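The chain contents come next:
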Amino acid sequence: MTYRFLFFVAMMVSSIFSEAFTISEAQRRQWLEVADSLKPELHKSVHKPVGTVELTEDPTAFQGVRFISSVSPDSIYRRRISDGESVIFDFGEHLVGSVTIELSNPWMMQDARQRFFVSFAEVPSDLHMPREPFTGSLSRAWLQDFQVDVDYNEKHTIPWRVTGRYMKITPVSPSPYCVSFIKSVEWEATTSAGRSHCRLESNTPEIFRQIAKVSENTLRDCMQTVYEDGPKRDQRLWGGDFYLQALANTVTFQQHSLTKRCLYLLAACADPLTGQINSNLADTPRLQWQSNQFQDYALAFMPTLDDYFDATGDTATVIDLWDIARHQLDATIDGVRWNTVFFDWCPVELNKDAALHCYTMYIIKRAMALASKIGRNNDTSRYAAILKSMRRRGRKSFWDEARGAIVSGSSRQISRTGISWAVLGGLLSEKESKRALRYALYEADVIKCGTPYANHFFVQALIDAGLAKEARNYVEEFWGGMVKHGADTFWEFYIPEDHFFSSYNGYTLLNSYCHAWSCTPVYFIVRYPEIFQNV
Ligand code: RAM
């Protein structure tokens, strides 16, 4: 290799990197310091079982199984539970935290450690479906079933955090030389959410009241030291879920410091060489992140920042994070592709071309709005022309005037997600939006949303297009459907026609039933009282 060639390579590399957005170690450290200073205290509360329950099959119930109430916990504490017998304690509400079991040996010493098999459930099917053979596409360890050995006359705290409402406990081969009773079971729940500020009008229909409450419970249990996606699984901050949680937080707990902390954490964990924000991170037991990058989640940083500004007026934070927020958008506009684009998981493979195009338009609009609030219009001066050209090109590629729908990909696929983003991104006029949304609601060849995440944006599109009655009915049917099935917290997936849908290789037991991206109807209910509170 000649020097001339090496020089040429060095020049090329430096020109690539001088144009790229890099994050210095000093910058990263400063962002982390801000995030650390905002680490919330977890509020703790101790809960005891309010009852015991038994499982019964019921074809009308969610997933075909439900709990019926059984004997009181006190009667359990007064007797020996025999080998192989099981008790299911009901704690009355969904909880996240640590569980302690205490034994008593009223007549003799405890002869040996007492072994139990313990499992936790968010919904009845968690204790009903066969766990083996395990065919899920994530770790088997997310299923909350453990062997627990309680030492001689000791209280035993299960050494990891558990999530759910129900606890099943089964003694395993107890010693024949002693009689151990379960003296108590306690669940110390944690959350960083404080008091909720959500107040609904007195004539709010009961179903929306319940939906708001279940939303709030969902958000509360996901609010730990970061906004977690699901306290059962994956227990970490995901950019897309965060966008929606922060929004729901603005009308409930208003814990804006947690939002600020998470914004800083995402910024600090971005790829230092490309500036791309990673899709998720965990802060417990130590800060770590996955470098799988979702383009839509990285772009969601901008509207999250904008919402944060609207809620707090905190210009200093927004200015501090403005460049990295804008970089996600600029890179997208300049054709950089992240390794994944998410938008939704649904039973049918989604073509995401139309959604990504229109979502980018939506992010441009949010960036322009935020820029004008913080006096940074110069930074967005090229956006208006880009938006105009994207609209023109997008209408040509995706708007099917004859059918009145958005079509995506070579198979001209029509989906609620594509239509939602065409409305929210401003690709369509008001009249066209209404027409496309009606198509999305009523035509049989439309791909429906799979996740509550995608459903959120569909509702927002209905509202923005002026289809208030449809939005109200949709929230009532979708989230209200979960409430009617007994949800304490909203689920990761709810597909009314397929209760067992799971994106984890169809292995339903991995699903989470307190899931961040499902917590948003409270936002709609509070933000649009004329639609949901009968004002
Ligand atoms: C999951 C989580 C999370 C979601 C991503 C895409 O593992 O459910 O909520 O944002 O996938």
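S.K.: Please explain the overall build of the protein as it appears in this structure.
M.R.: In terms of regular secondary structure, the protein is built from 17 helices and 14 strands. Its C-alpha radius of gyration of 26 Å places the protein within 12% of the 24 Å reference for a compact globule of 535 residues. Here the C-alpha coordinates of the protein stretch approximately 85 × 65 × 45 Å along the principal axes. Partitioning the contacts of the protein with sequence separation of at least 6, the portion at a separation of at least 24 is 77%. Total accessible area on the protein is roughly 22,600 Å²; 52% of this is exposed by carbon and sulfur atoms. Taking the average place of the 56 positive charges on the side chains of the protein and the average place of its 62 negative ones, the gap between the two points comes to 4 Å.

S.K.: Explain empty space enclosed by the protein to me, please; I cannot follow it from the model alone.
M.R.: Empty space among the atoms can be located by rolling a probe the size of a water molecule over them. Scanning all chains against the criterion turns up five cavities of 30 Å³ or more. The volume enclosed by the largest cavity comes to roughly 80 Å³. Lining the largest cavity are Arg80, Ile81, Gln114, Phe116, Pro171, Pro174, Cys178, Ser180 and Ile182. Of the residues contributing to the lining of the largest cavity, the split by class is six nonpolar, two polar and one charged.

S.K.: What exactly am I supposed to notice about the site of the ligand here?
M.R.: Surrounding the ligand, one finds 13 residues, the nearest of these being Asp234, Asp241, Tyr297, Glu492 and His515. Within the complex, the protein chains bury 96% of what would otherwise be the 290 Å² of accessible surface of the ligand. Broken down by class, the residue content of the shell around the ligand amounts to seven nonpolar, one polar and five charged.

S.K.: Which parts of the structure should I look at to understand helix H9 (residues 315–333)?
M.R.: An α-helix turns once every 3.6 residues. As a result, residues three or four positions apart point the same way. Over its 19 residues, H9 extends 25 Å from the first C-alpha to the last, a length consistent with the 27 Å expected when each residue adds 1.5 Å. Taken as a whole, H9 carries its principal kink of about 50° at Trp322. Looking one or two residues past H9, Gly335 carries a phi angle of roughly 95°, positive in sign.

S.K.: Sorry, what's going on with the pairing of strand S2 (residues 51–57) here?
M.R.: Walk down a regular strand and you will see the side chains alternate between the two sheet faces. In the sheet, S2 pairs with strand S4 (residues 87–104) via two bridges, with the strands oriented antiparallel. By the bridge assignment, Gly51 is partnered in S4 with Asp90. In this sheet, strand S3 (residues 65–69) lies alongside S2 in antiparallel orientation, the contact comprising five bridges. Residue Thr56 lies in a different strand from S3, and its bridge partner there is Arg66.

About the cut-offs
- Residues numbered from 1 in each chain as written.
- Predicted model: local features only at pLDDT ≥ 70, side-chain atom pairs only at ≥ 80, totals over all residues.
- Heavy atoms only, no water.
- Helix = DSSP H or I, 4+ residues; strand = E, 2+ residues; numbered from the N terminus.
- Rg over C-alpha atoms; globule rule 2.2 N^0.38 Å.
- Contact = heavy atoms within 4.5 Å.
- Areas by Shrake-Rupley, 256 points an atom, 1.4 Å probe, with all protein chains shown as cover.
- Lys, Arg positive; Asp, Glu negative; His and termini not counted.
- Charge placed at Lys NZ, Arg CZ, Asp CG, Glu CD.
- 1 Å grid on protein atoms, 1.4 Å probe; cavity = no way out; pocket = protein on both sides within 12 Å on 5 of 7 lines; lining within 4 Å.
- Points joined across faces, edges and corners; volume = space filled by probe spheres on them.
- Nonpolar A, V, L, I, M, F, W, Y, C, P; charged D, E, K, R; others polar.
- Near = heavy atom within 4 Å.
- Expected span 1.5 Å × (residues − 1).
- Bend = angle between axes of the 7 residues up to and from the residue.
- Pairing = 2+ DSSP bridges.

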